[in-house]
There are 2 protein chains.
Amino acid sequence: MQRAIELAKNGIHSCKPNPRVGCVIVKNDIVIGEGWHKKTGGDHAEIMALKSCEDSPEGSSVFVSLEPCTHKGRTPPCIDSLINAKVSSVIFSSMDPNPKVSGKSIKLLETAGIEVSHGLLEEDSQELNIGFFNRMRANKPFVRSKIGSSLDGKIALHNGESKWITSEESRKDVQNLRARSCAIMTSNQTVLRDDPSLNVRLDNFSSDDQPLRIVIDSTGKCGGNEKIFHLPGETLLHHHRVDQSFLEHLGSMEINDLLVESGPRMNGALLESGLIDELIIYMSPCILGKDAIDMFAFPAIEKLSDRYSFVIRDLKTIGTDMKLTLRKNNV
Amino acid sequence: MQRAIELAKNGIHSCKPNPRVGCVIVKNDIVIGEGWHKKTGGDHAEIMALKSCEDSPEGSSVFVSLEPCTHKGRTPPCIDSLINAKVSSVIFSSMDPNPKVSGKSIKLLETAGIEVSHGLLEEDSQELNIGFFNRMRANKPFVRSKIGSSLDGKIALHNGESKWITSEESRKDVQNLRARSCAIMTSNQTVLRDDPSLNVRLDNFSSDDQPLRIVIDSTGKCGGNEKIFHLPGETLLHHHRVDQSFLEHLGSMEINDLLVESGPRMNGALLESGLIDELIIYMSPCILGKDAIDMFAFPAIEKLSDRYSFVIRDLKTIGTDMKLTLRKNNV
């Protein structure tokens, strides 16, 4: 299953809005086929693995990182192919997160005389598809805010100078965050001040896969001449503030992972509304002092019990910086 | 040598201002004696190890984490005891950092027909005694500033509320930082606002070993009734600001490790003067917002190139917090 999850990661940048899935087929203790889901509309992992088999899959065990699909979507259901291939057992990691589908495959496979089990490395396969799971369960994307800061929590000097607080390695890592996201959201202030591209600039990244860019411009300040509106891919200009219903709208647009790259005001507002699921902070070990610009702006809080708390998910060094991954308390 | 350094750590809280030293005596591949330096004026590690030998140390190999002393200080020189014991070789980790003494033992041992080598795990043994090495080389203590902060670099709310931002585990860890320090320094503002004890409250920690407490009170605001002046151990009240010459004065008082536990103004001033060698930040994954109080206060900087930079030495989670250990660029 470890291998199936590793294979699934091959699709991390390309298979959205579908989940990342990997599949390994084993017969007589030998791997006879492997596959992963590359692209929406293309073969699912199970089909790719069946097609790759060096031996007949009859009687084999199929390890797949997500419950095989039972319905016809953009491609025929994988369940039929597994049954037709006469495999003897199917082991999948996590159930389909869609409550209407979840668990349906078990009955179908068992009826066909195929042994089924699930739950192996479930947390890993869900983590890989956290945005997809979130959308299926809550009808909205997983919201990840990325911030580059100093050790003392500043994102720029008081005069606005901010190029570059974090190291080249950190900035390169941000490209991976973008590439795995379905959309990247920012504010009109950021667009007007920095004129950012917010696109993915990675080798071998197809310009067809560029995440949707979203600019929140409730005061209508953007003129439309800014760089972001003229790059390959799409840019959505939203004239209201970000709230639960806008996130649900993005969910209906099949946005799994939403990356926020914005300033203190948008981050402060999202934090106050409880809409940030994950914070990724690239923190440079430097100090800018009290006059520099803070990462979050919101009205002063009066009691420590009103602070906004997260839990540490991961902590590592990257280049000369630290990369902190923090989750909302209940995520 | 690894074992000798492990043994040396036994003295981390008690042997100051002497360096922490451990010693292992090996004969025919069997450890026949071990020792470590517990207390200034008591046996050095080598003597303790020789005394503990289960077999005659004649012909043995002696592993010691610091160059054996060659001069009579509070105790007779260890070199004489090693020569008298007719050991056949001495392997020490780092040389005596005192430039006047450094390397002297080599000649004496070789003259006595004892094989000598050094340099094994040198970085580890120096790191364990970083304050002692700093004092020997620069005539001033190693200055370590400890700060408890939020993720956005705040140490208290705008109204001063700060109990407790960090977790119990972090606060307990601070006791170890205090216990390994020769002195703990704070400002009159901190004394007047928080009335802190700044003493070590660990089981088995002798009240005779309490670090010196230093209060910087250049404006003469402390009345003398504050708790800090009435606890077991000594408190030094200094009526001028902290500068290089004050640190040299502390060096002459045999202060190896100086722990700063103070507010934004003292930390800002020390940072500006380049006097902070190490920052230890206990960072809680919570956000207090822009109106809360910053960890460092100093006049605004106008260019990113003027920021204060550190390098990451260690990064880990502690309780629900992060513990960041950062060194001045050139330390």
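Residues numbered from 1 in each chain as written. Chains lettered and ligands numbered in written order. Predicted model: local features only at pLDDT ≥ 70, side-chain atom pairs only at ≥ 80, totals over all residues. Heavy atoms only, no water.

Caption draft 1: Just the overall build of chain A, in detail. A count of helices and strands for chain A gives 10 helices and 16 strands. Against the globule reference of 20 Å for 331 residues, chain A gives a C-alpha radius of gyration of 22 Å, in line with a compact fold. Taken along its principal axes, the extent of the C-alpha atoms in chain A is 70 × 40 × 35 Å. Relative to its full complement of 331 residues, chain A shows a buried share of 56%. Here chain A has roughly 14,400 Å² of accessible surface; of this, 47% comes from carbon and sulfur atoms. (Helix = DSSP H or I, 4+ residues; strand = E, 2+ residues; numbered from the N terminus. Rg over C-alpha atoms; globule rule 2.2 N^0.38 Å. Buried < 20%, exposed > 50% of the residue type's maximum accessible area, 1.4 Å probe, protein only. Areas by Shrake-Rupley, 256 points an atom, 1.4 Å probe, with all protein chains shown as cover.)

Caption draft 2: Structural view of the sheet that holds strand 9 (residues 212-216) of chain A. Overall, mixed pairing links the 9 strands, which are arranged 10(A)-9(A)-8(A)-11(A)-6(A)-12(A)-16(A)-15(A)-13(B) in an open sheet. A single partner strand is all that each edge strand has here, and the edge strands are strand 10 (235-238) of chain A together with strand 13 (286-287) of chain B. Taken together, the 5 bridges between strand 8 (residues 183-187) of chain A and strand 9 of chain A define a ladder with parallel strand orientation. What sits directly across from A:Met185, in strand 9 of chain A, is A:Ile214. Docked against the sheet, helix 6 (residues 130-138) of chain A engages strand 6 (142-150), strand 11 (257-260) and strand 16 (321-328) of chain A, running at close to 135 degrees with respect to strand 6 of chain A. Docked against the sheet, helix 10 (residues 264-272) of chain A engages strand 6, strand 8, strand 9, strand 11 and strand 15 (308-318) of chain A together with strand 13 of chain B, running at close to 110 degrees with respect to strand 8 of chain A. (Pairing = 2+ DSSP bridges. Contact = heavy atoms within 4.5 Å. Axes fitted to C-alpha atoms, helices over the stretch in contact; angles between N-to-C directions.)

Caption draft 3: Inspection of the relation of the copies chain A and chain B at higher detail. In screw terms, the move from chain A to chain B is a rotation of 180 degrees and a rise of 0.0 Å along the axis, fitting with an RMSD of 0.0 Å. Those values place the two copies in the arrangement expected of a two-fold rotation axis. Residue A:Gly153 of chain A places its C-alpha closer to the rotation axis than any other residue of that unit, at 2.4 Å. Taken together, the interface assignments show that 100% of the residues at the interface of chain A recur at the interface of chain B, consistent with an identical surface on both copies. (Least-squares fit on C-alpha atoms with pLDDT ≥ 70 in both.)

Caption draft 4: Highlighting the pairing of strand 2 (residues 30-36) of chain A. Residue and element names in this part refer to chain A. Here strand 1 (residues 22-27) pairs with strand 2 via 6 bridges, running antiparallel. If you follow Val26 over to strand 2, its bridge partner there is Val31. Where strand 1 hands over to strand 2, the hairpin turn is made up of 2 residues, of which Asn28 adopts a positive phi near 50 degrees.

Caption draft 5: Here's a closer look at the side chain of B:Thr190. Residues and elements named next belong to chain B. Of note, Thr190 is situated in helix 8 (residues 188-194). Residue classification places Thr190 among the buried residues on the basis of a relative accessible area of 8%. A polar contact is formed between the side chain of Thr190 and the backbone nitrogen of Gly263, at a distance of 3.5 Å. Among all residues touching Thr190, those that are not within four sequence positions of it are Asp195, Pro196, Glu261, Ser262 and Gly263. (Polar contact = N/O pair within 3.5 Å; in protein donor to acceptor, adjacent residues only side chain to side chain.)

Caption draft 6: Highlighting the nonpolar core. Of all hydrophobic cores here, the largest spans 83 residues; its most connected members are A:Met185, A:Leu279, B:Met185 and B:Leu279. Once residues within four sequence positions are removed from consideration, B:Leu279 is found in contact with A:Leu151, A:Ile287, B:Ser145, B:Ile147, B:Phe296, B:Phe310, B:Leu324, B:Thr325 and B:Leu326. (Core = buried A, V, L, I, M, F, W, Y, C linked by side-chain atoms within 4.5 Å.)

Caption draft 7: Representation of helix 10 (residues 264-272) of chain B in the model. For helix 10 of chain B, the complete set of buried residues consists of B:Pro264, B:Met266, B:Asn267, B:Gly268, B:Leu270 and B:Leu271. A positive backbone phi angle near 70 degrees is found at B:Gly274, which sits one or two residues after helix 10 of chain B.

Caption draft 8: The arrangement of the packing of aromatic side chains in detail. Inspection of every chain in the model, using the stated rule, returns 4 aromatic pairs over all chains. When the centroid spacing of 6.3 Å and the interplanar angle of 85 degrees are considered together, the rings of A:Phe132 and A:Phe133 count as edge-to-face. (Phe/Tyr/Trp six-rings, centres within 6.5 Å; stacked < 30°, edge-to-face > 60°.)

Caption draft 9: Representation of the pattern of salt bridges within the structure. All names here are of chain A. Applying the stated criterion to the full structure yields 33 salt bridges over all chains. Salt-bridge contacts for Lys9 lead to Glu6; the nearest nitrogen and oxygen are separated by 3.2 Å. Under the relative-accessibility criterion, Lys9 is labelled partly exposed at 40%. A relative accessible area of 39% places Glu6 in the partly exposed class. Counted as one network, the salt bridges with shared partners bring together Glu127, Arg144, Asp257, Glu278, Arg313 and Arg327. (Salt bridge = Lys/Arg side-chain N within 4 Å of Asp/Glu carboxyl O.)

Caption draft 10: Summary view of unusual backbone geometry. For the bond running from A:Lys16 to A:Pro17, omega is 5 degrees, close enough to zero to count as cis. As for its position among the elements, A:Pro17 is in the loop between helix 1 (2-8) and strand 1. With an omega of -20 degrees, the peptide bond between A:Lys163 and A:Trp164 qualifies as cis. Take A:Trp164: it is sitting in the loop between strand 7 (154-156) and helix 7 (168-179). Here the phi dihedral of B:Asp29 falls at roughly 65 degrees; this positive angle occurs in a residue that is not glycine. Residue position: B:Asp29 is located in the loop between strand 1 (22-27) and strand 2 (30-36).

Caption draft 11: Local environment of the interface of chain A and chain B. Tallying the contact residues gives 47 residues for chain A and 47 residues for chain B. Summed over both partners, the interface of chain A with chain B buries about 3,700 Å², with 68% contributed by carbon and sulfur atoms. Scanning the region where chain A abuts chain B turns up 2 salt bridges. The partner of B:Asp294 in a salt bridge is A:Lys154, and the shortest N-O contact between them spans 2.7 Å. Residue assignment for the side of chain A that touches chain B shows that the elements contributing at least two residues are strand 12 (278-284), strand 13 (286-287), strand 15 and strand 16 of chain A. The dominant element in the side of chain A that touches chain B, judged by the number of residues it contributes, is strand 15 of chain A, at 7 residues. Of the residues in the side of chain A that touches chain B, the class split is 27 nonpolar, 8 polar and 12 charged. Pairing of strand 15 of chain A with strand 13 of chain B, which is carried by 2 bridges, proceeds in the antiparallel orientation. Residue pairing across strands places A:Tyr308 opposite B:Ile287, the latter belonging to strand 13 of chain B. (Buried area = accessible area lost by both parts, 1.4 Å probe. Nonpolar A, V, L, I, M, F, W, Y, C, P; charged D, E, K, R; others polar.)

Caption draft 12: Here's a closer look at helix 4 (residues 104-111) of chain B. Residue and element names in this part refer to chain B. Within helix 4, the full set of buried residues consists of Ser105, Ile106 and Leu109. One side of helix 4 holds all its buried residues, which, seen down the axis, span an arc of 105 degrees. Helix 4 presents Lys107 and Thr111 as exposed residues on the side facing more than 90 degrees away from its buried surface. Buried residues belonging to helix 4 abut helix 3 (78-84), strand 4 (89-94) and strand 5 (115-118). (Arc of directions from axis to C-beta.)

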